[in-house]
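What follows is each chain in one-letter form.
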Amino acid sequence: MSAPLCSLTLTLPDETATEALARQFAPLVTGATGLAPGGRIHLQGELGAGKTAFTRALLRECGIQGRIKSPSYALLESYKVSNLYFYHFDFYRFNDSREWLDAGFRDLLRDDAVVLIEWPERAEGVLPPPDMQISLVYADPGRVVTLTAFTARGQTWLNAIAPPPQMPCPPTGPAADA
């Protein structure tokens, strides 16, 4: 994986805080803020750390209706809102990173789709870097989350999410050069 560009660590006291964080990503990935829609998010953490809770809250805020299932057995659940595709992967059952390639998922990792991958380390070395890696760790109480940007898109997301007056990533683009 490429080197991280910047990161931000937050404390989430409960599941409600995890869901609130996820909802902050919705306008960023759907294009509602003027950014191009889409993006890749990798979610890491032990079983029960909140990866699926985060994903469900994000998908719900993006407009997904009905039941949002964990893809633990199916490996993939896909959704569509308007012209935006959402792909939710769970690689927990993989024993070898090449299984991801054998499953034929490479074609779904489009820049114009929202791609959420739980247990990305199970396909380490064959996945492209995410825009954002979200690592959830148990804390008593709640969770500690580290948001790590690996792309300019991820930097933009991180700066939009950071609580004021923090700005964890240096500005990028033409405005940064001024």
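Going by the structure above, here's the rest.
This is a predicted model, so every value here is computed, not measured. (Residues numbered from 1 in each chain as written. Predicted model: local features only at pLDDT ≥ 70, side-chain atom pairs only at ≥ 80, totals over all residues. Heavy atoms only, no water.)

I'm lost on the pairing of strand β6 (residues 132–138) in this one. Help?
Each regular strand carries side chains that alternate between the two faces of the sheet. Among the seven residues that make up β6, five are buried, leaving the element largely enclosed by the rest of the structure. Here β6 folds back onto strand β7 (residues 143–149) in antiparallel fashion, the turn holding four residues, of which glycine 142 has a positive phi close to 80 degrees. (Buried < 20%, exposed > 50% of the residue type's maximum accessible area, 1.4 Å probe, protein only. Helix = DSSP H or I, 4+ residues; strand = E, 2+ residues; numbered from the N terminus. Pairing = 2+ DSSP bridges.)

How do you make sense of helix α4 (residues 152–161) when you look at a structure like this?
The α-helix winds at 3.6 residues per turn, so residues separated by three or four positions along the chain end up facing the same way. Every buried residue of α4 is listed here: Gly154, Gln155, Trp157, Leu158, Asn159 and Ile161. Buried residues belonging to α4 abut β1 (6–12), α1 (15–30), β2 (39–44), β6 and β7. (Contact = heavy atoms within 4.5 Å.)

How do you make sense of the pattern of salt bridges when you look at a structure like this?
One side chain can pair with another of opposite charge once the charged atoms of both are near each other. All told, the structure shown has two salt bridges when counted by the stated rule. With its nearest N and O atoms 3.0 Å apart, the salt bridge here joins arginine 40 to aspartate 111. One end of the pair, arginine 40, is in strand β2; the other, aspartate 111, is in the loop between α3 (98–102) and β5 (114–118), with 71 residues separating them in the sequence. Under the relative-accessibility criterion, arginine 40 is labelled buried at 11%. Under the relative-accessibility criterion, aspartate 111 is labelled exposed at 53%. (Salt bridge = Lys/Arg side-chain N within 4 Å of Asp/Glu carboxyl O.)

Explain unusual backbone geometry here, please?
Negative phi characterises most residues that are not glycine, and trans characterises most peptide bonds. Residue proline 141 is bonded to the preceding aspartate 140 through a cis peptide linkage, with omega at 0 degrees. Mapping proline 141 onto the fold places it in the loop between β6 and β7. Within the chain, tryptophan 119 stands out as a residue other than glycine whose phi angle is a positive 60 degrees.

Which parts of the structure should I look at to understand the environment of glycine 50?
Within the element layout of this structure, glycine 50 appears in the loop between β2 and α2 (51–61). Between the alpha carbons of glycine 50 and glutamate 15 there is a distance of 7.6 Å; along the sequence they are 35 residues apart. In this structure, glycine 50 is in contact with Thr18, Leu136 and Arg143, ignoring residues within four places of it in sequence.

Where do I start with the packing of α1 against α2 in this structure?
When two helices pack together, their arrangement is given by the angle between their axes and by how far apart the axes lie. Where α1 meets α2, the axes come as close as 7 Å, and the angle between the chain directions of the two elements is 45 degrees. What the angle tells us is that α1 and α2 run oblique. For the pair α1 and α2, the crossing hand works out as right-handed. The residues of α2 that touch α1, namely those facing Glu15, Thr18, Glu19, Leu21, Ala22, Arg23, Phe25, Ala26 and Val29, are Ala53, Phe54, Ala57, Leu58 and Glu61. Partitioned by chemical class, the residues of the contact of α1 with α2 number nine nonpolar, one polar and four charged. (Axes fitted to C-alpha atoms, helices over the stretch in contact; angles between N-to-C directions. Parallel < 35°, antiparallel > 145°, perpendicular 65-115°, else oblique. Left-handed = near helix turned anticlockwise from the far one by under 90°. Nonpolar A, V, L, I, M, F, W, Y, C, P; charged D, E, K, R; others polar.)

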